[in-house]
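What the coordinates show
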Amino acid sequence: MNDLGSIINALNQALPGRATVIRIARTNEIHCRVDPTAVRDLFAALSRTCGAELVLMVGNDRREDRGGFEIHYLFAHRRENWFVDAAVPAPAEDPRIVSLGTLCYPASRFEREIFDLFGVVPAGHPDPRPLVRHGFWPKDYFPLRKDAGPRTFSDDGRPFPFQEVGGEGIYEIPVGPVHAGVIEPGHFRFSVVGETIIDMKARFYFTHKGTEKLFEGRRPQEGVELAERISGDTTVGHTLAFCQAIESLSGVAVPPRARYLRVVLLELERLYNHVADFGMIANDTGFAFAHSHCFRIRERLLRLNKRASGSRLLRGSLIPGGVVQDLPRDFDLAGEVESALADFQEIVEITLANRMVTDRLEGTGQLTARTARDHGVVGFVGRASGIDTDARRDHPFAAYGELKFKVPVLESGDVKARTLVRVAEARESARLIRQALERLPAGPLSVPLNACPPFEPAFSVVEGWRGAIVHWLMADAAGKLYRVKIMDPSFVNWHSLSYALLKNIVPDFPLCNKSYNQSYSGNDL
Amino acid sequence: MSAWFVEIFQVVFVVALAPGLVGLIRWIKARLQSRLGAPPGQPYRELGKLFHKEAVVSKNASWIFRFAPYAVSASTLAIAFLVPVLVVPRRLDMVGDLFVVVYLLLLGTFWLALAGLDPGSAFGGMGSSREVTVAALAEPTTATAIFSLALGAGSTNLGAIVAAALNDPWTVLTPGHLLAFAALFIVAIAETGRLPVDNPSTHLELTMIHEAMILEYSGRYLALLEWAAWLKLFVFLSLLANLFFPWGIATTLTPGALSWAIVTLLVKLALLAVVIAVMETRVAKLRLFRVPELLTASFVLALLAITSSFLLR
């Protein structure tokens, strides 16, 4: 166990004189400024000496008040509850940073994202292809810079630089971005021998909406309706992460009743998504029976959501400082949830007793623990590959520190493991809802916010149903949002799908993809 | 009643009822999954809709793409003329026997596979490659299984086989007959694109076989291809019904015998529809590379059928 003192010592030892303004904030956060030349040493010190991982990199345009760009590196330990936020400056003219791409795979993707959105060059990057950049954007257009206004776009006519696989008998299957089902757009390019997949490259960002930019200039309370719509199936997850970051920034403590109600809301969201996806996975094996029943149970849960919060998708239930409304009286929510869960368990039993279904799930789309760790995979995808992380336990928020629950972890990393982890999590969700409602303390539902201190970074991690959601934000001198960085688990998880697919056959791709079920909207932002 | 009138009537009957049979299977399946389901008449509405819609054809498609729907539906229609559905013996028994039926089926598959390849889309090519794999494995089973029945009846003529079974009902319970039924049932599932070989209700292009080949079709072309596929299912099921449970089929051309034949056939088809719907609800789709194992098993059954028919003759 590292304490904050030993981490600061490690920083001072590894970066003598190059890590400045080191300070502790909110009991478990270390904030510091790091010299641009010391980025690789910073990464080495925190990852090797302290065992932390790079969770997020945030680009920030501070040219107006600081005369340059600023890149924040957010580190967290997987099991210990502390964070390090290191700010690295980059000049306004010809901005560049030292790339971590050869040390850390997630960093290489954050750096590509930051280049496409801010034009900050990652020097020494091993793979500087565009990530977010749409083919239509002009070369000098970096949309998250403060001075980037509306521009007229036209097709640059060049194809997207996909990795090509050559050789006799190898052919490409392009799929998407428009699909047969009612799903979001994404382009998948398979290189195939016969039916066996030897490579798959995905291209996203067709639904890039400028979500992060839309937050800028809003008052903190006005960010909620936007946060609710970052990814339609993760309303509570994203809104909670946003509200907690605001609360952390403004230094308010949420009243206990609101903290417990937030647990209930987050678990309701997890439950309906897990139930629906179990049905979808079964449907992709052709077992439509489980699909129609899981959708019936999902509908049951959505109606419970409506009774509990007034919205089937749990919208409009959270505000910075607490929750909007109490649960209605004379409503046995825990009992209703348990009865829906029992219904679900029966369908699960029937489905998994079917040898033809399990034959499709077993050994399909295997993601090894090594690949998962290298990609920084989070959430149930990681837990199915033996990566034992859960922000509810490791970085407790809301009332999770006071409640008992298990974190299911499996080793095999195949579609079956991902499915079983979610079935087990659904059970834990029902237990958590029961516990939270039984211990529900009396008291107010929300507290007013204090003024947000200007240009101070704040962040929050929430374990949404897909995995750890991170919101990082900063307010300006007027107390309005200056920069909001959102990380949906999809950003790190999507990419590992190509590795899980290797040596699988083409007709098994939809099943692997469904077992991941990542968000396009949350990834593309 | 004129013998020729009966021949024409049979084809009209089969063509008219084929969409209803598929609708019935879909409706039973929906009921088994606790869904309300579309009424069994829904496929007729789908056909009506498709015939009124514009047919969009890719610029890259050649004449093969336009011709294939006609070739496929014509070959399936020809089978509808040759298979004993309501009456034995028939005038058209002279025109074609079981070998003609098997290769007419393959002719349709051949044109469909070409049409899948023709517009050059990735999904069509994938569907064609899979369909040809399945067809190559299913074809010998069909021929062998029916041949084992022919061995018992002493003729490859389908009408004669049915008539022979009708004269001596106990042959239906011989091992050769039972094994051949199992083999033909599996082949019927594979050839008509039902679960667990192919999923007729999926929207996932990458997993499709039959649907992938017709993915580029629209309007009247799609209507013809859908109708032909339903017709194929109807013919396969009537063949199963009449070869193995021939009771009720008319042997004279009196109106009474014909009405009784229609009633018994409808009952038999409804029973088979229930069997297929129950099976499709209980199974999942096989992993593609397990399909050859299933078809090999069906071929072994057919081989055993023909061996036992030969030995017990």
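Below, the discussion takes up the overall build of chain A. Counting its regular elements, chain A contains 18 helices and 15 strands. Oriented by its inertia axes, the alpha-carbon framework of chain A measures out at about 70 × 60 × 50 Å. By the burial criterion, 51% of the 525 residues in chain A qualify as buried. Look at the contacts in chain A between residues 6 or more apart in sequence, and 66% of them connect residues 24 or more apart.

Within chain B, the secondary structure is distributed over 11 helices and 0 strands. Counting from the amino terminus, helix and strand elements in chain B follow one another as α-α-α-α-α-α-α-α-α-α-α. Against the globule reference of 20 Å for 313 residues, chain B gives a C-alpha radius of gyration of 19 Å, in line with a compact fold. For chain B, the spread of C-alpha atoms along the three principal axes comes to 55 × 45 × 45 Å. Evaluated residue by residue, chain B yields a buried proportion of 50% over its 313 residues. Look at the contacts in chain B between residues 6 or more apart in sequence, and 78% of them connect residues 24 or more apart.

Remark on secondary structure: sheet strands pair via backbone hydrogen bonds, oriented parallel or antiparallel. Residues and elements named next belong to chain A. Across the sheet, which stays open at both edges, the 3 strands sit in the order β8-β9-β10 with antiparallel pairing between neighbours. Edge positions in the sheet fall to β8 (170-175) and β10 (196-203), since each has one partner strand and no second. Recorded for the sheet is a direction-independent mean angle of 20° between the axes of neighbouring strands. Alignment of β8 against strand β9 (residues 187-193), held across 6 bridges, turns out to be antiparallel. Bridge assignment links P174 to a residue of β9, and that residue is R189.

As a further point, take helix α4 (residues 98-117) of chain B. Residue and element names in this part refer to chain B. Taking 1.5 Å of rise per residue, 20 residues should cover 28 Å, and α4 covers 29 Å from first to last C-alpha, within 8% of that figure. Those residues of α4 not exposed but buried are L98, V101, L104, L105, G108, T109, W111, L112, A113, A115 and G116. Structurally, α4 contributes buried residues whose contacts are with α3 (63-82), α5 (122-153), α6 (158-167), α7 (175-191), α8 (210-213) and α9 (219-244).

All names here are of chain A. With their axes 9 Å apart at the nearest point, helix α9 (residues 333-352) and helix α14 (residues 415-438) run at an angle of 165° to one another. Comparing their axes, α14 and α9 come out roughly antiparallel. Once α9 is placed against α14, the crossing between them reads as left-handed. In contact with L333, A334, V337, E338, L341, F344 and V348 of α9, α14 contributes V423, A426, R427, A430, I433, R434 and L437.

Residue and element names in this part refer to chain A. Partitioning chain A into structural domains gives domain 1 (4-123) and domain 2 (211-524). Taken over C-alpha atoms, the centre of domain 1 sits 27 Å from the centre of domain 2. On the side of domain 2, 17 residues touch domain 1, which itself brings 16 residues to the contact. For the side of domain 1 that touches domain 2, the secondary-structure elements that each account for two or more residues are β3 (52-62), β4 (68-77) and α3 (105-118). Residue composition of the side of domain 1 that touches domain 2, grouped by class: 6 nonpolar, 4 polar and 6 charged.

Rules used throughout
- Residues numbered from 1 in each chain as written.
- Chains lettered and ligands numbered in written order.
- Predicted model: local features only at pLDDT ≥ 70, side-chain atom pairs only at ≥ 80, totals over all residues.
- Helix = DSSP H or I, 4+ residues; strand = E, 2+ residues; numbered from the N terminus.
- Buried ≥ 20, exposed ≤ 12 C-beta atoms within 10 Å, placed from the backbone.
- Contact = placed C-beta atoms within 7 Å.
- Rg over C-alpha atoms; globule rule 2.2 N^0.38 Å.
- Pairing = 2+ DSSP bridges.
- Axes fitted to C-alpha atoms, helices over the stretch in contact; angles between N-to-C directions.
- Expected span 1.5 Å × (residues − 1).
- Parallel < 35°, antiparallel > 145°, perpendicular 65-115°, else oblique.
- Left-handed = near helix turned anticlockwise from the far one by under 90°.
- Domains from an automatic or database assignment.
- Nonpolar A, V, L, I, M, F, W, Y, C, P; charged D, E, K, R; others polar.

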